[in-house]
Amino acid sequence: MTEQPKKYAELPLLDADGLHRVPNRLYLLLLLLLRPYICWLLTLTLPAEQRSMLAWIYPQSADFVRACLICLPVLLVFAAFTQRVPYDKKLRRGRAKKFWFAVWRYSKWLLLAVVAVDLYWTISHLPQFVAINAPWLLLAPLLLLLAFGWLLGSKKLPLVFAEWPEDKVQK
């Protein structure tokens, strides 16, 4: 008897620390929500005569400032994500670990609130005749709507946001 080849490779469900793997869609969601800061960084890296790129996406400077304020809680979620490593006694971050775990535990609801506010604000501040003059501005509301549905319907996200790495035992 010949063995049938497997259609799909077995992917590990856990990462190196024994936690559920963070879905790639969460990384994409963080990029989507942090787009004002990413645009700002891209604009800062351009030469001075080409810095009008930010005006393509945010025609008024007040819109850019509001977008940065709306996605400010996502920076907190991102910081908690970077702290999602096992505790090392040499670093002595016991209280900070508890704070970041509290932020991480409620990250789904923070992200859901930011997506809802960002979606409302983006749709309500679209310029007139956007489909004719600037159709690329319709991409953000569409992606935010998809992200909102994914955050509500994902069965893996509650598992990811409920766990935190265990302390390393120093011997």
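To start, this report covers the structure provided alongside it. (Residues numbered from 1 in each chain as written. Predicted model: local features only at pLDDT ≥ 70, side-chain atom pairs only at ≥ 80, totals over all residues. Heavy atoms only, no water.)

### Side note on the overall build of the chain
Where we set the bar: The helix count covers DSSP runs of H or I at least four residues long, the strand count covers runs of E at least two residues long, and both are numbered beginning at the N terminus. Whether two residues are in contact is decided by their heavy atoms: any pair within 4.5 Å suffices. Note on areas: Shrake-Rupley, 1.4 Å probe, and residue coverage restricted to the protein chains presented here.
Scanning the chain from N- to C-terminus turns up ten helices and zero strands. Listed by position from the N terminus, the elements making up the chain come as α-α-α-α-α-α-α-α-α-α. Considering only intrachain contacts with a sequence separation of at least 6, the fraction spanning at least 24 residues in the chain is 73%. Total accessible area on the chain stands at roughly 12000 Å², and carbon and sulfur atoms take up 66% of it.

### Digging into the packing of helix α4 (residues 61–70) against helix α7 (residues 107–124)
Selection criterion: Structural elements are reduced to axes, namely lines fitted to C-alpha atoms, with helices fitted over the stretch in contact, and the angle between N-to-C directions of any two is expressed from 0 to 180 degrees. If an angle is under 35 degrees, it is roughly parallel; if it is over 145, roughly antiparallel; if it lies from 65 to 115, roughly perpendicular; otherwise it is oblique. The sense of a crossing depends on the near helix, which, turned anticlockwise from the far helix by less than a right angle, makes the crossing left-handed and, turned clockwise, makes it right-handed. Charged means Asp, Glu, Lys or Arg here, nonpolar means Ala, Val, Leu, Ile, Met, Phe, Trp, Tyr, Cys or Pro, and polar covers whatever is left, Gly included.
Interhelical geometry of α4 versus α7 gives an angle of 165° and a closest axis separation of 10 Å. Judged by the inter-axis angle, α4 sits roughly antiparallel to α7. Seen along the crossing, α4 lies across α7 with a hand that is right-handed. In this structure, α4 uses D63, R66, A67 and I70 to contact α7, whose residues at the interface are V114, V117, D118 and W121. When its residues are assigned to classes, the contact of α4 with α7 shows five nonpolar, no polar and three charged.

### Regarding helix α5 (residues 72–82)
Test applied: Buried residues are those whose accessible area, probed at 1.4 Å on protein chains only, stays under 20% of the maximum for their type, while exposed residues exceed 50% and partly exposed ones sit between those limits. In this description, the arc belongs to the directions extending from the helix axis to the C-beta atoms.
Among the residues of α5, those classed as buried are V74, V77, A80 and F81. Buried residues of α5, viewed axially, fall in a sector of 115°; they line one side.

### Points about helix α2 (residues 35–45)
Of all the positions in α2, only R35, P36, Y37, C39 and T43 are classed as buried. Contacts from the buried residues of α2 go to α1 (24–33), α3 (53–57), α4, α5, α7 and α9 (139–153).

### Focus on the nonpolar core
Convention followed: For the purposes of this section, nonpolar cores are sets of buried Ala, Val, Leu, Ile, Met, Phe, Trp, Tyr and Cys residues that join through side-chain atoms within 4.5 Å.
With 37 residues, the main nonpolar core has L26, L29, L33, V74, W104, L111 and L151 as its most contacted residues. Those elements that place two or more of their residues in this core are α1, α2, α4, α5, α6 (94–105), α7, α9 and α10 (157–162). Take this core: its biggest share by element is six residues, from α7. L29 has contacts with L111, V115, A147, W150 and L151, leaving out every residue within four places of it along the chain.

### Examining a nonpolar patch on the surface
Note the threshold: Residues qualify for a patch when their relative accessible area is over 30% and they have no salt bridge, like charges being joined within 9 Å and the nonpolar side chains of Val, Leu, Ile, Met, Phe, Trp and Tyr within 5 Å. Here, a salt bridge means any side-chain nitrogen of Lys or Arg that lies within 4 Å of a carboxyl oxygen of Asp or Glu.
Taken together, the side chains of L28, L31, I38 and L42 present a nonpolar region at the surface, about 360 Å² in accessible area. The residue L28 is located in helix α1 in this model.

### A closer look at the packing of aromatic side chains
The condition that has to hold: Two rings from Phe, Tyr or Trp (for Trp, the six-membered ring) form a pair when their centres are within 6.5 Å of each other. A pair whose planes differ by under 30 degrees is stacked, one over 60 is edge-to-face, and the rest are tilted. In this scheme, Lys NZ or Arg CZ marks a charge over a ring once it lies within 6 Å of the ring centre and within 35 degrees of the ring normal.
Applying the stated rule across the entire model yields six aromatic pairs. With a centroid separation of 4.7 Å and an interplanar angle of 65°, the aromatic rings of W104 and F161 are classed as edge-to-face. With a gap of 57 residues between them, W104 in helix α6 and F161 in helix α10 connect regions that are remote in the sequence. Accessibility assignment for this pair places W104 and F161 in one class, buried. Pairwise contacts between aromatic rings join Y27, F81, W104 and F161 into one cluster. The side chain of K108 reaches across the aromatic face of W109, ending 5.3 Å from its centre.

### Quick look at the packing of α1 against α9
Running from N to C, α1 and α9 cross one another at 140°; their axes reach a closest spacing of 11 Å. By the criterion of interaxial angle, the relationship of α1 to α9 is oblique. Crossing handedness for the pair α1 and α9: left-handed. Taking contact as the criterion, the partners of R25, L26, L29, L32 and L33 in α1 are, on α9, L143, L144, A147, W150 and L151. In the contact of α1 with α9, the residues fall into nine nonpolar, no polar and one charged.

### As for the side chain of S154
What counts here: Think of a polar contact as two N or O atoms within 3.5 Å of one another; within protein, one of them needs to be a possible hydrogen donor and the other a possible acceptor, and neighboring residues in sequence only count if both atoms come from side chains.
Mapped onto the elements of the fold, S154 is located in the loop between α9 and α10. Looking at S154, its side chain comes within polar contact range of the main-chain nitrogen of K156, at 3.4 Å.

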